[in-house]
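Results of the structural survey
So you can see what is in the structure, the chains are spelled out below.
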Amino acid sequence: MEPLAATLLVTLVAEGCLSSADAATASDALRALGAEPGPLVWLDQGDAADMRASGVTAAAARAALEAALPAVDVIVQSADAPRRKALLIADMDSTMITVECIDELADYAGIKAQVAAVTEAAMRGELDFAEALDARVALLAGMDARVLEQCRIERARLMPGARTLVRTMAANGAHTLLVSGGFTAFTVPVAAEIGFAAQHANTLVIENGRLTGKVARPIVDAATKRARLLAAGVPLPATMAVGDGANDIPMLEAAGLGIAYHAKPKAAAAADAAVRSGDLTVLLRAQGYSRSDWMD
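The structure contained in this document is the topic of the report that follows.

Conventions used here
- Residues numbered from 1 in each chain as written.
- Predicted model: local features only at pLDDT ≥ 70, side-chain atom pairs only at ≥ 80, totals over all residues.
- Heavy atoms only, no water.
- Helix = DSSP H or I, 4+ residues; strand = E, 2+ residues; numbered from the N terminus.
- Rg over C-alpha atoms; globule rule 2.2 N^0.38 Å.
- Buried < 20%, exposed > 50% of the residue type's maximum accessible area, 1.4 Å probe, protein only.
- Lys, Arg positive; Asp, Glu negative; His and termini not counted.
- Charge placed at Lys NZ, Arg CZ, Asp CG, Glu CD.
- Salt bridge = Lys/Arg side-chain N within 4 Å of Asp/Glu carboxyl O.
- Polar contact = N/O pair within 3.5 Å; in protein donor to acceptor, adjacent residues only side chain to side chain.
- Contact = heavy atoms within 4.5 Å.
- Disulfide = S-S within 2.5 Å.

**Here we look at the overall build of the chain**
When helices and strands are counted, the chain shows twelve helices and 13 strands. For the chain, whose C-alpha radius of gyration is 20 Å, the value lies close to the compact-globule estimate of 19 Å for 296 residues. Considering only C-alpha atoms, the chain reaches an extent of 65 × 35 × 35 Å along its principal axes. The buried share among the 296 residues of the chain stands at 53%. Averaged over its 26 positive side-chain charges, the chain has a centre that lies 3 Å from the centre of its 35 negative ones.

**Let's talk about the side chain of Asp-244**
With respect to the helices and strands, the residue Asp-244 is situated in the loop between strand 11 (239–243) and helix 10 (249–254). As a buried residue without a salt bridge, Asp-244 has its nearest oppositely charged side chain in Lys-264, at a separation of 4.2 Å. Within the structure, the side chain of Asp-244 is placed 3.1 Å from the side chain of Thr-95, a separation counted as a polar contact. Excluding its chain neighbours within four sequence positions, the residues that come into contact with Asp-244 are Asp-91, Asp-93, Ser-94, Thr-95, Glu-100, Met-123, Tyr-261, His-262, Ala-263, Lys-264 and Ala-267.

**A closer look at the state of the cysteines**
For the structure shown, the criterion picks out zero disulfides. This cysteine, Cys-151, is not joined by any disulfide, and Cys-101 carries the nearest cysteine sulfur, 6.1 Å off.

**Quick word on the side chain of Thr-176**
Within the fold, Thr-176 resides in strand 7 (residues 175–183). We classify Thr-176 as buried; its relative accessible area is 1%. Within polar-contact distance, the side chain of Thr-176 engages the backbone nitrogen of Ala-197 at 3.0 Å. With near-sequence residues (within four places) excluded, Thr-176 lies in contact with Leu-88, Val-166, Ala-170, Gly-195, Phe-196, Ala-197 and Ala-198.

Below, the structure is given as structure tokens:
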């Protein structure tokens, strides 16, 4: 059984449309659990607000609030944990960018539907990640390596709020790390464009200007992501992780605040919170940043 936190900090986010009625609904939902909610404190009027609550577990509070406020993003965390995090570790595909790179590469080879079906199953946690990665990359054997750059330029778009999240945290002293089961051909330029301090991903093997259909070992997988988080040297309560798929679950569970971003059900359930409606700036709201604090 999850222990009762001494005090919980609840953050409600609905940019441009968060109302006092939403806050009242949240308070009613918490009281129905036997909790005692505190007063609403606006981070920015109409956008995001905090309230404290006691006498309830974080999991129970999250479940009740998400059910009561389906259009509002809800973050429930211990009020005793460091609010502004010192480490952000993030997935790339469908988290920091809007696409799955391997699916887009497959489109250039005319096999997107075939590869995307495997990607979707792997992200739901139905397939072994390494086996699924090897199988998909093997289908790209013979592709001109120049297509990697073409694909990145034409298809990889930054997720709304990505640059603001990373640059705001970095400006406030946090270390930012992009760790992806995707490929360095994408993570290196994407990390630079967003403003990450470091990146780590898989390397596609290229010979004579063409993909061999192989991935260099060792593969960056779910265990690698968690290991990178633990190796960062930051106390876990001061860490934040964000991702969307099954291979992000170990790092989401290990982080002080693990946030699932428009995620598959297994990842959303494993995380401390889930962004269901907003963009990546919800992660700044979770840390108590007002819009005037944001860096673009």
